[in-house]
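Below, each chain spelled out in residue letters.
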Amino acid sequence: MSDSLVKRLFDELEALPLIDPHTHINPHAAASKNLADIMGYHYYTELAHSAGLAKEKIEEPGISPKEKVGRLIPKLSTIENTAQYSWLLEICQEFFGFEEDRITVDNWEKLYDQADQVLAQDDWEQQVLKKSGLEQVYLTNDFDDALAGFDTGLYVPCLRTDDLVFHLGKSEVRERLSKATDRELGTIEDVQAAIRDLFTHFTKNGARACAISLPPDFSPTLVSANTVAASWLRLGNGEKLSDCESRELSQFIFWQLAENCAVFNLPFDLMIGVNRRVYEDGVFQGQDLYDKRTSLIQYRQLFNSFPRVKFPISVLTTTSNQELVSYAWIFPNVIANGHWWYSNTPPYIETDCRTRLTAIPQTKYVGYYSDMYKLEFALPKFRMYRRILAKVLAQDFVQDRGWSENRALELGKLVLRGNVESIFGG
Amino acid sequence: MSDSLVKRLFDELEALPLIDPHTHINPHAAASKNLADIMGYHYYTELAHSAGLAKEKIEEPGISPKEKVGRLIPKLSTIENTAQYSWLLEICQEFFGFEEDRITVDNWEKLYDQADQVLAQDDWEQQVLKKSGLEQVYLTNDFDDALAGFDTGLYVPCLRTDDLVFHLGKSEVRERLSKATDRELGTIEDVQAAIRDLFTHFTKNGARACAISLPPDFSPTLVSANTVAASWLRLGNGEKLSDCESRELSQFIFWQLAENCAVFNLPFDLMIGVNRRVYEDGVFQGQDLYDKRTSLIQYRQLFNSFPRVKFPISVLTTTSNQELVSYAWIFPNVIANGHWWYSNTPPYIETDCRTRLTAIPQTKYVGYYSDMYKLEFALPKFRMYRRILAKVLAQDFVQDRGWSENRALELGKLVLRGNVESIFGG
Amino acid sequence: MSDSLVKRLFDELEALPLIDPHTHINPHAAASKNLADIMGYHYYTELAHSAGLAKEKIEEPGISPKEKVGRLIPKLSTIENTAQYSWLLEICQEFFGFEEDRITVDNWEKLYDQADQVLAQDDWEQQVLKKSGLEQVYLTNDFDDALAGFDTGLYVPCLRTDDLVFHLGKSEVRERLSKATDRELGTIEDVQAAIRDLFTHFTKNGARACAISLPPDFSPTLVSANTVAASWLRLGNGEKLSDCESRELSQFIFWQLAENCAVFNLPFDLMIGVNRRVYEDGVFQGQDLYDKRTSLIQYRQLFNSFPRVKFPISVLTTTSNQELVSYAWIFPNVIANGHWWYSNTPPYIETDCRTRLTAIPQTKYVGYYSDMYKLEFALPKFRMYRRILAKVLAQDFVQDRGWSENRALELGKLVLRGNVESIFGG
């Protein structure tokens, strides 16, 4: 296989405008304001902390953005080997005119100032969208987000439901739901109505997905309103639920979400496998890990019960990838979605991408989403994926199967963009 | 590593006549009659269904074979990327003179007719055996198969025992066993005698293996006849067994099989890890999936108790492969067997093949079996394996270890054929 | 990527003097005396047994070293494909002037005699240390080892604690502990004091780590002295503990070890995942296997409770590797350590090395340890690792990231040696 073939495929894939189907972008502040917005991404704070920088230094209240960056910089030398660092370097090189190959204690201040200049431009948000080839950016909205004040054609709402499923036992979450839907939530039927209201609100505002992240031990199952009705009343009276009752309530709400996805024709993004706050003293967003002992068999009843709901599924570990491949191969409503978090480094992406492309219908693999908090990250993250995708297309399809370059490219475009449109709606 | 080295190794491996040690061939109808026999293989129906074709369309009663193929064809474009599709294409090219690189709505009828012509030849079965280099084809026979009316030297019987272990609670299975052995099955001792009769019948007819597929949670253990004697009587009286009693009966029967394998000197093929009917509305044979949370530690007592029984083991997932490598490395009676079902695509085969070849005694890895239902699939499936085997031999042995090409080839021939003979009997 | 780049990186890595941070070397008999010492390594006896050689033949009491080797030799032809065999061959070629590429029934006696001559040299131990580039060799010492009579600057003591954690229920282990610390162990407080004595003794003698191997189902948790005090008294009275009480005692002792590691500033090597004596009739040291269903989540409380203790962690299977990568990425005190046992063959090392190098701070991966029982094994085992490391550096860093050769080499040296010094102490 020639390197020039990979290069040509990569260049063609680079030219394709993107829809990014899962991000954490705040549409009111989509682009970074300074280098601290970029280096404050948990990937850098958690890795610097992992390499020995105290959390108290990183998160000291009141320090300036520049001070924060200045504290992280010395630790960068210990994480230069990581893929995560390569995203940062590529951002600095592509957007801020940085020409060196390491960010050091000697050159960072100049870089910081260059970044300030670039990011201060009035039209920077438009510039970065254009340079990154981003046509649409899907959001992760809290259920009580007003979805107002931004262009929902560009920044596409998605209903994030972790709070509803796992934190409705907290009075503040119930109050947020009550307020968002303008309903008293005295009975479980009120909750059902409120959830329906949320779907109405979100789909009216162009939402394209319902989404949730799930712990490794979650097993959705049908729980009736009757089963949880009494628990709900007790919650309203300020009582605490037992673990079992809480689990039932979670399962009930989850099932309600799936039912509404069916009614409102929304894909239900499942991000399976994360345990929250495993490292309790970790930095912000750098505390979550997992138990790899989880299985898609836990979703058997769900997949069978909602044949018309599309389930784009992200798995946290490569050891779950073959299950995802097999379940997407058998279940019409299971779709392999992107390369998530701890599996979002090149060696895992390559294995997972290759195994999917050679076994699942090509219409059922959404190649990539950035999961970004700031727009600047789409370019290096998608580029990492495009490099790998080009390599797999060259090796497994052009070389091993004798496909024409053009045919391989069509497959690449399908997983990179076409499937986003067909699965989440054009 | 030069591509020409891989090519030379591949060509030499292609020339080796094969024994296929696990298939689902019906010896009375071994070859396909038409393209529907080929495209009716569950790999195509389940992938077409996964890509959106309704089960009712695929399995409508009374449609002609050509109509069935015609309904599947439009969905082929969505699965062209899969390894499974590449087998189909290779069959059409090798056997039916198909010269295009895609089967489409425009060219399929001509292909269908070409296939009809080829498959209608009187000696097609002999032709396909010869073209595929097949010297022997092992079968998967129901325990009550008469094993008559075919050449058991060519189509080698194997005693499949899923029904005995998991379905003896059903009266129709007990009746089949009673009829096959001409015994009343009043007591558990009668069952023991009946099972012994089956082994006598099968070994008299040249059987080379006892085989079973097992769910992920199965743990064989010694259960005495006394333990299940009362349950058996209750079954005979039309009563139902509890889950626990059913499990004990399964374990009892399984242990009986292992004991008979020891007495009759038969390898016991274990195919570990499949859950049946996970997708209840799936197409025929397209409903089974798995829970990857299984371990060979569950077979600890079995492997220790039957040191003289060879256990060729197939695992369903690549996450179980390292256990298989390690257990085959330690236990003399554990043998790594082929690349099964959801692990039978090139990326998984390559990893699993490479890890086995570099850690297990070379005499303890049976490289491949086709698992086919129709003879035409041996050629593309074995060829897929031979391509990967040639690559691994070239990279890991000729290149990395400095082996001569010839020595690498000898290793390849051993796992592809020699071990089948030494393990299952020549 | 050019092969010559890999070769240059490999050659540079070969020139780096080593500290081997985990071995089973007996400092009073560090080098082999004859070929039987080398071929008696469990890797060869267990593989020969796995390939069919009876345990009784291998372990017959009273046979001479040469007779033992003579019995193993005929089985070598069945394991020539393994990485384990390649270490043996490389030892014979590098140290004993063996010039053939297979050890056979025809050439072994000459080899045996050549080895005898070489190994009989007075300064062989120094020679092999020098030829292997070994500057320091860490040991695995029983808790009651006197640590006397050898150079602890060269052979660095490490406190192995399996017996304390898992076998203190046995009176002989309690007696060993009593004798080693010259204490009566009447109360649980006595045990705490005795353990502290061990740490004092070991650190006074230059110990650099506390180490333990753990079964897949072990979950450390804080157990107070009060909880186990009564159990301890009953043990002293010759009573047996229940499984639950034994587990509590294990957890109590384990937690004591961690507390002492904090006090004495010793890294705590955790080797996670092995089940002992799974194959009960296996050869010496060839009986252990595992259940892959284990997770680092079981160590959550430990990692959170001892932020200042470094935990270099070895996992037994590649299916646990991604957890190790992720936990080392998040927890400052979790370090990825080497490539252990069933994961110590090239395909697993390559995947595990690559995924670590691209996601963990480069200061938190200890590249390799030999785990050897005799000094001769350091050379081929480290060389196997260096080949893979050179390949990963060339591909993933020089080629894919555009790093200079020199920068890639610095990274290689860091994981091969620098991190051993910074983590275990210079």
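Structure's up top.
Predicted model, so just to flag it, every value in this text is computed and none were measured.

### Here we look at the overall build of chain A
Reasoning step 1: In terms of regular secondary structure, chain A is built from 18 helices and 9 strands.
Reasoning step 2: Taken over C-alpha atoms, the radius of gyration comes to 22 Å for chain A, in line with the 22 Å a tight globule of 426 residues would show.
Reasoning step 3: Projected onto its principal axes, the C-alpha coordinates of chain A cover approximately 65 × 60 × 40 Å.
Reasoning step 4: In chain A, buried positions account for 61% of the 426 residues.
Reasoning step 5: For chain A, the share of sequence-separated contacts (at least 6 apart) that also reach a separation of at least 24 residues comes to 75%.
Reasoning step 6: Roughly 15,200 Å² of accessible area belongs to chain A as shown, and the carbon and sulfur atoms make up 46% of that amount.
Reasoning step 7: Within chain A, the 59 negative side-chain charges are centred at a point lying 4 Å from the centre of the 45 positive side-chain charges.

### Quick notes on the pattern of salt bridges
Reasoning step 1: On inspection of all chains with the given rule, the structure shows 80 salt bridges over all chains.
Reasoning step 2: For Glu80(A), the salt bridge is made with Arg102(A), and the minimal N-O distance between the two is 3.0 Å. Placement of the pair is Glu80(A) in the loop between helix 5 (65-76) and helix 6 (83-96) and Arg102(A) in the loop between helix 6 and helix 7 (108-119), with a sequence separation of 22 residues.
Reasoning step 3: Judged by its relative accessible area of 5%, Glu80(A) falls in the buried class.
Reasoning step 4: The partner of Arg386(C) in a salt bridge is Glu14(C), with the nearest N and O atoms 2.8 Å apart. Linking Arg386(C) in helix 17 (residues 378-401) with Glu14(C) in helix 1 (residues 3-14), this pair joins segments that are 372 residues apart in sequence.
Reasoning step 5: Accessibility expressed as a relative area gives 3% for Arg386(C), which makes it buried.

### Considering the sheet that holds strand 7 (residues 311-315) of chain B
The pairing of strands in a sheet comes from backbone hydrogen bonds and takes either a parallel or an antiparallel form.
Residue and element names in this part refer to chain B.
Reasoning step 1: With parallel pairing, 6 strands are arranged side by side in an open sheet as 4-5-6-7-8-9. Pairing within the sheet leaves two strands with one partner each, and these edge strands are strand 4 (158-160) and strand 9 (365-366).
Reasoning step 2: The sheet strands contacting helix 13 (residues 243-264) are strand 5 (209-214) and strand 6 (268-272), and the helix crosses strand 6 at an angle near 145°.

### So, the sheet that holds strand 3 (residues 155-156) of chain C
Residue and element names in this part refer to chain C.
Reasoning step 1: If you trace the 3 strands from one edge of the open sheet to the other, you get 1-2-3, paired in parallel fashion. Among the strands making up the open sheet, the edge pair consists of strand 1 (18-20) and strand 3.
Reasoning step 2: With 3 bridges joining them, strand 1 and strand 2 (residues 134-138) adopt parallel strand pairing. Within strand 2, the position partnered with Asp20 by the bridge is Val137.

### What to know about the relation of the copies chain B and chain A
Reasoning step 1: Mapping chain B onto chain A calls for a screw motion: a turn of 120° about the axis and a shift of 0.0 Å along it, with 0.0 Å RMSD after fitting. Such a combination of rotation and displacement between the chain copies is what one expects of a three-fold axis.
Reasoning step 2: The overlap is low: 7% of the interface residues of chain B also sit at the interface in chain A, so different surfaces are used on the two sides.

### Structural notes on the interface of chain B and chain A
Reasoning step 1: In this complex, chain B contributes 41 residues to the contact, which on the side of chain A involves 37 residues.
Reasoning step 2: For the pairing of chain B and chain A, the buried interface totals around 3,200 Å² over both sides, and the portion due to carbon and sulfur atoms is 53%.
Reasoning step 3: In this structure, the connection of chain B to chain A is made through 1 salt bridge.
Reasoning step 4: Our count for the contact surface shared by chain B and chain A stands at 30 residue pairs in polar contact (both at pLDDT 80 or more).
Reasoning step 5: Mapped onto the side of chain B that touches chain A, the elements with two or more residues apiece are helix 3 (42-50), helix 6 (83-96) and helix 16 (346-357) of chain B.
Reasoning step 6: The biggest single contributor to the side of chain B that touches chain A is helix 3 of chain B, with 5 residues.
Reasoning step 7: Of the residues contributing to the side of chain B that touches chain A, the split by class is 14 nonpolar, 15 polar and 12 charged.

### A look at the relation of the copies chain A and chain C
Reasoning step 1: Superposing chain A onto chain C takes a rotation of 120° plus a shift of 0.0 Å along the axis, which leaves an RMSD of 0.0 Å.
Reasoning step 2: A low fraction, 7%, of the interface residues of chain A reappear at the interface in chain C, so the copies pair through non-equivalent surfaces.

### Concerning the pairing of strand 5 (residues 209-214) of chain C
Here is the key point about a regular strand: its side chains alternate between the two faces of the sheet.
Residues and elements named next belong to chain C.
Reasoning step 1: Counting buried positions along strand 5 gives 6 out of 6 residues, so the element sits mostly inside the fold.
Reasoning step 2: Side chains Ala209, Ala211 and Ser213 project from strand 5 onto one buried face, and the interleaved Cys210, Ile212 and Leu214 project onto a second face that is buried too.
Reasoning step 3: As paired elements, strand 4 (residues 158-160) and strand 5 share 3 bridges and run parallel to each other. Note that in strand 5 the partner of Leu159 across the bridge is Cys210.
Reasoning step 4: Sheet analysis places strand 5 next to strand 6 (residues 268-272), joined by 5 bridges and oriented parallel. Considered in strand 6, the bridge of Ser213 is made with Met271.

### Side note on unusual backbone geometry
Reasoning step 1: The backbone phi angle of Asp182(A) is positive, close to 55°, even though this residue is not glycine.
Reasoning step 2: Taking the relative accessible area as the measure of exposure, Asp182(A) reaches 73% and is therefore exposed.
Reasoning step 3: We note that Leu147(C) has phi near 55°; this positive angle belongs to a residue other than glycine.
Reasoning step 4: Mapped onto the elements, Leu147(C) comes out in the loop between strand 2 and strand 3.

### Some details on the packing of helix 6 of chain B against helix 7 (residues 108-119) of chain B
Residues and elements named next belong to chain B.
Reasoning step 1: Packing of helix 6 against helix 7 brings their axes to within 10 Å, and their N-to-C directions diverge by 55°. Accordingly, the angle class assigned to the pair helix 6 and helix 7 is oblique. With respect to the hand of their crossing, helix 6 and helix 7 are arranged in left-handed fashion. Between helix 6 and helix 7, the residues in contact are Cys92, Phe95 and Phe96 and Leu111, Gln114, Ala115, Val118 and Leu119, respectively.
Reasoning step 2: Of the residues in the contact of helix 6 with helix 7, the class split is 7 nonpolar, 1 polar and no charged.

### Thoughts on helix 7 of chain B
Residue and element names in this part refer to chain B.
Reasoning step 1: For helix 7, which comprises 12 residues, the first-to-last C-alpha distance of 16 Å matches the rise-based estimate of 16 Å (1.5 Å per residue) to within 8%.
Reasoning step 2: Buried residues of helix 7: Trp108, Leu111, Tyr112, Ala115, Val118 and Leu119, and no others. Seen from one end, helix 7 has its buried residues packed into an arc of 125°, which puts them on one side. Relative to its buried face, helix 7 has exposed residues pointing more than 90 degrees away, namely Lys110 and Gln117.
Reasoning step 3: Buried residues along helix 7 sit in contact with helix 2 (35-39), helix 5 (65-76), helix 6 and helix 8 (124-131).

### Side note on the side chain of Thr358(A)
Reasoning step 1: Mapped onto the elements, Thr358(A) comes out in the loop between helix 16 (346-357) and strand 9 (365-366).
Reasoning step 2: Of the residues examined, Thr358(A) reaches a relative accessible area of 5% and is grouped as buried.
Reasoning step 3: Here Arg354(A) takes part through its backbone oxygen, which lies 2.8 Å from a polar atom of the side chain of Thr358(A).
Reasoning step 4: Dropping the residues within four chain positions of it, Thr358(A) is found in contact with Asp396(A), Phe397(A), Arg401(A), Asn81(B), Thr82(B), Ala83(B), Gln84(B), Thr345(B) and Pro347(B).

Rules of the game
Residues numbered from 1 in each chain as written. Chains lettered and ligands numbered in written order. Predicted model: local features only at pLDDT ≥ 70, side-chain atom pairs only at ≥ 80, totals over all residues. Heavy atoms only, no water. Helix = DSSP H or I, 4+ residues; strand = E, 2+ residues; numbered from the N terminus. Rg over C-alpha atoms; globule rule 2.2 N^0.38 Å. Buried < 20%, exposed > 50% of the residue type's maximum accessible area, 1.4 Å probe, protein only. Contact = heavy atoms within 4.5 Å. Areas by Shrake-Rupley, 256 points an atom, 1.4 Å probe, with all protein chains shown as cover. Lys, Arg positive; Asp, Glu negative; His and termini not counted. Charge placed at Lys NZ, Arg CZ, Asp CG, Glu CD. Salt bridge = Lys/Arg side-chain N within 4 Å of Asp/Glu carboxyl O. Pairing = 2+ DSSP bridges. Axes fitted to C-alpha atoms, helices over the stretch in contact; angles between N-to-C directions. Least-squares fit on C-alpha atoms with pLDDT ≥ 70 in both. Buried area = accessible area lost by both parts, 1.4 Å probe. Polar contact = N/O pair within 3.5 Å; in protein donor to acceptor, adjacent residues only side chain to side chain. Nonpolar A, V, L, I, M, F, W, Y, C, P; charged D, E, K, R; others polar. Parallel < 35°, antiparallel > 145°, perpendicular 65-115°, else oblique. Left-handed = near helix turned anticlockwise from the far one by under 90°. Expected span 1.5 Å × (residues − 1). Arc of directions from axis to C-beta.

So, to be careful, I would describe these as geometric facts and stop short of saying anything about function.
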